[in-house]
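Now for the letters of each chain:
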Amino acid sequence: MTAPTSSARSDLRAVATPLVQLANEPYYHATGDEVEVFAAAAASGLPVMLKGPTGCGKTRFVEHMAWRLKRPLVTVACHDDLTTSDLVGRYLIVGDETVWMDGPLTAAVRGGAICYLDEIVEARKDTTVVIHPLTDSRRALPVEKRGEYIEAPPDFMLVISYNPGYQSVLKEMKPSTRQRFVALDFDYPQAEVEAGIVAHEGGVDAATATKLVRLGTLTRKLKGAGLDEGAGTRLLVHAAQLIARGMAPVTACTAAIARPLADEPDTRHALDDLIAAVF
Amino acid sequence: MSERKLFVHELEARLDEMLLLSLRQRSPATPAAQLEALPRQVQERVLHWVGIAAQTSTELGWAIAQRAGTRAARPGFALDDWARAGLEAHDAGGLAAAQARLDDFAAAAPDTASAARGVAFAAVEGRLAGFLHALDGRPMQLRCGAKTWTDGETLWLPESLDLAADAAGNRRLHTVIAALLWAQARFGTFNVDPEPELVQWADREAALDWFSLFEGMRLEARLALELPGLARDMAALRGPWPADLEPVAARLARPEASAADSLACMAELRRVGAGDTVHPPYRTMLDPLAARRLRAARIARDTGTLRRALNIMRAIDPHSRGGSSDSEYPPLAADGDSVPAELQSGDLQGLPPDARAAAQSLAQDLDGIPPELLRPAGPGAWRPEERDEGEGPVAASSGEPDALYDEWDYRRGAWRRDWCHLYESEGPAGEHAWVDEVRVRHAHLIRSIRRRFEALRGEDKPQRRQLDGEEIDLDAQVDARADRLGGAEPSPRLFVHRRRVERSLAVMFMVDMSGSTKGWVNDAERESLVLLCEAIEALGDSYAIYGFSGWTRTHCDIYRIKRFGDRYDAATRQRIAGIEARDYTRMGVAVRHLSGLLHRQNARHKLLVTLSDGRPDDHGDEYRGRYGIEDTRRALLEAREKGIRSYCVTIDRHGADYLPQLYGPAHYTVIDDAKKLPARIADIYRKLTA
Ligand SMILES: Nc1ncnc2c1ncn2[C@@H]1O[C@H](COP(=O)(O)OP(=O)(O)O)[C@@H](O)[C@H]1O
Ligand SMILES: [Mg+2]
């Protein structure tokens, strides 16, 4: 029999989880006591839940904290087809052998990393069950398929994010899961602070950033009235980046803010009008 | 879309389907023959408008179908504007008005270039509604009429605009006018009394023109602070001011200028002798008397609401309220006559939602809340206004109640035991023909909803050749074996992965049948239910529909439209048709009863969806206002504890004020126009359960 060749191995390497520490400080502007609370939770071995609308700095915050605490960060963007095996790991058949491959969660537990499960409610229901033993005093991950019980080292930390603006009842987080976490509320920062962030991240001047934030604030009033959610800071940063490259502000905002937000013609046009009015 | 023209028989079939012509013994032959000659795009456009019109009335659709063929054949004919004008006329004056408008539109607009350029109100209404909602944070009332003005609550815009060089310019003009009217209300045009100045003028119309012009100057500058693009559009539209008006414009552009300054400018102008005023294209009318009358009524109403809230809050002993752990309103200062610090500092968070809305509105009307307004005139000051009694109750309840429910009294911080008498009965059957007509009228919509929903259900497709999965992929295994035998490298992707979509979901629809839903709202509710049923049948979720209404706590009625076990059959459809506007809205007890029924269902996810036009309200003063809101909130919290999620679809433009308190920030939708509900309901449901 031939041994598995390099391409089958590389197929596997693609699913292995690397553990790296961030070298440079990710820019994060604190808006409250979230840094202190997170650090305290990390020191106490408690899991943390970040709640808030999309694009308001949750992911950036975790990156920043991982850098601060000097721990590797493993981020998993959850989606509706994410299974327990995708998190924990699986046996793969390579040629005639079976090879065990740690999933990102297992890799993070073994390596004492911060594991960030982004938008956890998107994942399949059974996935939330595997994190339960990691979130109480056991702090352990049972890997059933291998009959292994991995106790998490002190540096391991579980962080999840959750957008309460979700409208689907099928994606509500159960109280039994929620109550295992220290929770931090995230929201769009105050206008001046947000303008500072947009200017810094997008590379635009303060005046342009202020206008972008004003536009963002206006769109947020349309939540529930044409929009599921207003423009998050991320969209404003995207528009700023386009403007910084020389694109006309109206064009940039249309492409980076209005179009991603709305499909419905009336709402799209209302956003067009707002963009024209603000710039 | 294929470019092939539709043939007569195809056109006949489409018209027949939309307009039920065969039922009415009409022949689509003539209109179809006229349409056959047209390009496919125009044909589709005509059918599109016929379909839209038919949603309002099949007669209106027929009126358009009969006339469209000959008109659309003319070069450059503005079909969209023509059809919109007909629909608008129908809304305002019925079928005869619509027919007249459709006929004389062509005569009145022989200038086809102008028709292509001009922009009708109806064409921009939706976008302007969104635009103004974003500016104001609340939905605004938009209308069109001969006079362009606002009374401070409703904005009246021109029926159509054709002053700019192209359609885009005319759309911008609509936007500018709408923003200017909004700014008048928002930035205090009606906060001064202009009468002392106006009476000095011989020509009141001329005086109002000047006032409007000066206010335009002031508001343009005000808008420029936050919406420079809009101010630029205004400046471009008006062109430079005449030289003698420049100093006035500059003076009114100062940030601290107010409407009083506009009046002062008028006084000066009057002394030097006023010439002819200029008319910018975004010219608006002012009717200060009407606006101030409304403003006075609004201030009285808001002051009443606010005082009442303060009185109630003072009456509550803070200690007894300590027991209710869910209260998110911290007690306000309870001592003497002083105004709570929260209000003085402009922080309204401590108030219940209706009072907070009133305070915000007051602050806008009065540029702040004067403390003396808030000083309660003693405990007896509050006289709840009596609701118009009208005819007596039409409640179905009589005899022994089917159940008794407790009600939460937030003032006592305690339950009122067995307070509400609930009667459950079968909803009366309505006309069969109505449902059939709705299903035919929305045939296209229903078909597309069913297609989309069936696709949702059919997501259970196996994904082949995966690294991992529940089943072995035999094809992949065979390939791998062959590869191995042949010495090639076998792929490790040997499994089938199945996406499981488990929709273990039970949904209870709770339909508001209170008297205020009479008319459009009731129609919208019923039509939406028909569409919902079609959609949910395609999904296979388990669902029930109940109506609720009542007349005080001793007559709370629940009407069965469809129980969980019932099928969506002719009888159910007739009961949907039979849903009608009845009495009042005592919501808490309905939530308790229906969430009880829902709780008994054997499903993983349970959802209570309310279709309503407004807030909890009942006969007499008690349930209106905070009491009803608090009780309903409590009932929804109880449901939550049972694992039931609640969602509200409301047709109430002031809804956003209190819905977050009841349902939480993300769990409601406000539909500003009842007519839009049927088209949106399926999407709302899909998102809700995606
Ligand atoms: N407080 C903040 N400090 C720095 N950048 C921020 C902050 N809030 C938002 N951002 C910017 O917004 C972008 C989106 O934030 P992200 O963390 O991805 O949002 P979320 O994870 O909440 O969806 C970031 O890439 C960053 O540019
Ligand atoms: Mg994120």
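Quick caveat, the model's predicted, so the values are computed rather than measured.

Engineer: Run through the interface of chain B and chain A, naming residues and quoting values.
Structural biologist: Across the contact, 52 residues belong to chain B and 47 residues belong to chain A. For the pair chain B and chain A, the summed buried surface comes to about 4,200 Å²; carbon and sulfur atoms form 53% of the total. The largest contributions to the chain B side of the interface with chain A come from B:R127, B:L467 and B:E489, which together make up 14% of the buried area. Between chain B and chain A we count 3 salt bridges in total. A salt bridge links B:D468 to A:R90, with the nearest nitrogen and oxygen atoms 2.8 Å apart. Our enumeration of links across chain B and chain A arrives at 9 residue pairs in polar contact (both at pLDDT 80 or more). Elements with a minimum of two residues in the side of chain B that touches chain A: helix 7 (121-136), helix 10 (204-226), helix 11 (228-238), strand 10 (495-498), strand 14 (605-612), strand 15 (644-650), strand 16 (668-670) and helix 27 (677-688) of chain B. Partitioning the side of chain B that touches chain A into residue classes produces 23 nonpolar, 13 polar and 16 charged.

Engineer: Let's hear about the nonpolar core: which residues, and what values?
Structural biologist: Grouped together as the largest cluster of nonpolar side chains are 86 residues, with contacts concentrated most on A:I257 and B:F214. With 10 residues, the top contributor of residues to this core is helix 8 (residues 167-186) of chain B. In this structure A:I257 touches A:L212, A:L215, A:A231, A:L235, A:L236, A:A239 and A:A252, once residues within four positions along its chain are discounted.

Engineer: Requested: an account of the sheet that holds strand 12 (residues 542-550) of chain B, with residues and values cited.
Structural biologist: Working definition: the strands of a sheet are paired by backbone hydrogen bonds and lie parallel or antiparallel to each other. Residues and elements named next belong to chain B. Read across the sheet, 8 strands follow the order 6-7-13-12-11-14-15-16 without closing on themselves; strand pairing throughout is mixed. Unpaired on one side and paired on the other, strand 6 (403-409) and strand 16 mark the two borders of the sheet. The average angle at which neighbouring strand axes cross in this sheet is 25 degrees, direction not considered. In the sheet, strand 7 (residues 414-426) pairs with strand 13 (residues 556-562) via 5 bridges, with the strands oriented parallel. For L422, the partnering residue across the bridge sits in strand 13 and is C556. In this fold helix 24 (residues 587-599) packs onto strand 6, strand 7, strand 11 (505-512), strand 12, strand 13, strand 14 and strand 15, with an angle of close to 155 degrees to the strand it touches most, strand 11. Helix 27 contacts strand 11, strand 14, strand 15 and strand 16 of the sheet and is inclined by roughly 160 degrees relative to strand 15.

Engineer: Any details on the packing of aromatic side chains? Residues and values, ideally.
Structural biologist: Here the structure, examined in full by the defined rule, presents 10 aromatic pairs over all chains. Considering the side-chain rings of B:Y623 and B:Y627, the 5.8 Å spacing of their centres and the 65 degrees angle between planes classify their relative orientation as edge-to-face. For B:Y623, a relative accessible area of 0% translates into the label buried. Overall, the relative accessible area of 3% leaves B:Y627 in the buried class. By way of ring pairs, the aromatic residues A:Y28, A:F38, A:F61 and A:F186 are connected into one cluster.

Engineer: An account of the sheet that holds strand 10 of chain B is needed here, citing residue identities and associated values.
Structural biologist: Pairing is antiparallel in the open sheet, where 3 strands are placed in the order 8-10-9 (chain B). In the strand order of this sheet, the two ends are held by strand 8 (462-466) and strand 9 (471-472) of chain B, each with one partner.

Engineer: With reference to specific residues and values, describe the site of ligand 1.
Structural biologist: Residues and elements named next belong to chain A. Around ligand 1, the surrounding shell holds 16 residues, and the nearest of these are G55, T59, R60, E201 and R234. One of the side-chain nitrogen or oxygen atoms of T59 is found 2.5 Å away from an oxygen atom of ligand 1. At 2.7 Å from an oxygen atom of ligand 1 is found a side-chain nitrogen or oxygen belonging to R234. In isolation ligand 1 offers 560 Å² of accessible surface; the protein chains occlude 92% of this area.

Engineer: Could you give me a rundown of unusual backbone geometry, with the residues and numbers involved?
Structural biologist: A positive phi angle is found at A:R139, which is not glycine, with a value near 45 degrees. Note that A:R139 resides in the loop between helix 6 (125-131) and strand 6 (140-143). The phi angle at B:R465 is positive, at roughly 55 degrees, despite the residue not being glycine. Looking at B:R465, the relative accessible area reads 37%, which means it is partly exposed.

Engineer: Can you break down the pattern of salt bridges residue by residue, with the values?
Structural biologist: If charged atoms from side chains of opposite charge come close, those side chains can pair. As enumerated under the stated definition, the model contains 56 salt bridges over all chains in all. Residue B:D103 is joined to B:R71 by a salt bridge in which the shortest nitrogen-to-oxygen separation is 3.7 Å. Of this pair, B:D103 sits in helix 5 (residues 79-108) while B:R71 sits in helix 4 (residues 58-72), placing them 32 residues apart in sequence. Judged by relative accessible area, which is 37%, B:D103 ranks as partly exposed. A relative accessible area of 10% means that B:R71 is categorised as buried. Between B:R101 and B:D104 there is a salt bridge whose closest N-O contact spans 3.7 Å. Taken together, the residues B:R101 and B:D104, both in helix 5 and 3 residues apart, mark about one turn of the helix. Its relative accessible area of 36% is what places B:D104 among the partly exposed residues. One continuous salt-bridge network, built from bridges that share partners, spans A:D102, A:R110, A:R146 and A:E148.

Engineer: Can you break down the environment of B:I52 residue by residue, with the values?
Structural biologist: Residue placement: B:I52 occurs in helix 3 (residues 40-56). The class of B:I52 is partly exposed, set by a relative accessible area of 32%.

Engineer: For the pairing of strand 14 of chain B, give the residues involved together with the corresponding values.
Structural biologist: All names here are of chain B. Within strand 14, 8 of the 8 residues are buried, leaving the element largely enclosed by the surrounding structure. Burial along strand 14 is two-sided: the residues H605, L607, V609 and L611 and K606, L608, T610 and S612 are all buried. Bridge count between strand 11 and strand 14: 7 bridges; the pairing is parallel. Its bridge partner being in strand 14, M508 is matched across the sheet by L608. By the bridge criterion, 7 bridges tie strand 14 to strand 15 in an arrangement that is parallel. Residue V609 lies in a different strand from strand 15, and its bridge partner there is Y647.

Engineer: Report on the packing of helix 9 (residues 206-220) of chain A against helix 11 (residues 249-261) of chain A, specifying residues and quantitative values.
Structural biologist: All names here are of chain A. Running from amino to carboxyl end, helix 9 crosses helix 11 at an angle of 10 degrees, the nearest separation of the two axes being 12 Å. With respect to helix 11, the axis of helix 9 lies roughly parallel. You can see that helix 9 and helix 11 cross each other, and the crossing is right-handed. Packed against helix 9, whose contacting residues are L212, L215 and T219, the element helix 11 presents C253, I257 and L261 at the interface. Partitioned by chemical class, the residues of the contact of helix 9 with helix 11 number 5 nonpolar, 1 polar and no charged.

Engineer: Tell me about the confidence of the model for chain B, residues and numbers included.
Structural biologist: Low pLDDT means the predicted coordinates in that region are not meant to be read closely. Residue and element names in this part refer to chain B. Summing up the model confidence of chain B, the mean pLDDT is 80 and the portion of residues at 70 or higher is 84%. When the criterion is pLDDT under 50, residues 316-342 qualifies, and its contacts beyond four places in sequence or with other chains add up to 44 contacts. Segment residues 376-395 is flagged for pLDDT under 50; beyond a separation of four residues in sequence, or across chains, it makes 26 contacts in the model. Reported confidence for the predicted complex is 0.83 by ipTM and 0.69 by pTM.

Engineer: So what's going on with the side chain of B:D261? Which residues, and what values?
Structural biologist: All names here are of chain B. Tracing the sequence through the fold places D261 in helix 13 (residues 259-272). Here D261 falls in the buried class, since its relative accessible area comes to 18%. When sequence neighbours within four positions are dropped, the list of residues in contact with D261 reads L252, R254 and E256.

Engineer: Provide a residue-level description of helix 13 of chain B, including the pertinent values.
Structural biologist: Residue and element names in this part refer to chain B. Relative to the 20 Å expected for 14 residues at 1.5 Å per residue, helix 13 spans 21 Å between its end C-alpha atoms, a close match to the ideal helical length. Of all the positions in helix 13, only A259, D261, S262, L263, C265, M266, A267 and L269 are classed as buried. The inward-facing, buried residues of helix 13 abut helix 9 (195-198), helix 10 and helix 12 (246-252). Positioned one or two residues after helix 13, G273 has a phi angle of 95 degrees, which is positive.

Rules used in this analysis
- Residues numbered from 1 in each chain as written.
- Chains lettered and ligands numbered in written order.
- Predicted model: local features only at pLDDT ≥ 70, side-chain atom pairs only at ≥ 80, totals over all residues.
- Heavy atoms only, no water.
- Contact = heavy atoms within 4.5 Å.
- Buried area = accessible area lost by both parts, 1.4 Å probe.
- Salt bridge = Lys/Arg side-chain N within 4 Å of Asp/Glu carboxyl O.
- Polar contact = N/O pair within 3.5 Å; in protein donor to acceptor, adjacent residues only side chain to side chain.
- Helix = DSSP H or I, 4+ residues; strand = E, 2+ residues; numbered from the N terminus.
- Nonpolar A, V, L, I, M, F, W, Y, C, P; charged D, E, K, R; others polar.
- Core = buried A, V, L, I, M, F, W, Y, C linked by side-chain atoms within 4.5 Å.
- Buried < 20%, exposed > 50% of the residue type's maximum accessible area, 1.4 Å probe, protein only.
- Pairing = 2+ DSSP bridges.
- Axes fitted to C-alpha atoms, helices over the stretch in contact; angles between N-to-C directions.
- Phe/Tyr/Trp six-rings, centres within 6.5 Å; stacked < 30°, edge-to-face > 60°.
- Near = heavy atom within 4 Å.
- Areas by Shrake-Rupley, 256 points an atom, 1.4 Å probe, with all protein chains shown as cover.
- Parallel < 35°, antiparallel > 145°, perpendicular 65-115°, else oblique.
- Left-handed = near helix turned anticlockwise from the far one by under 90°.
- pLDDT = per-residue confidence, 0-100.
- Expected span 1.5 Å × (residues − 1).

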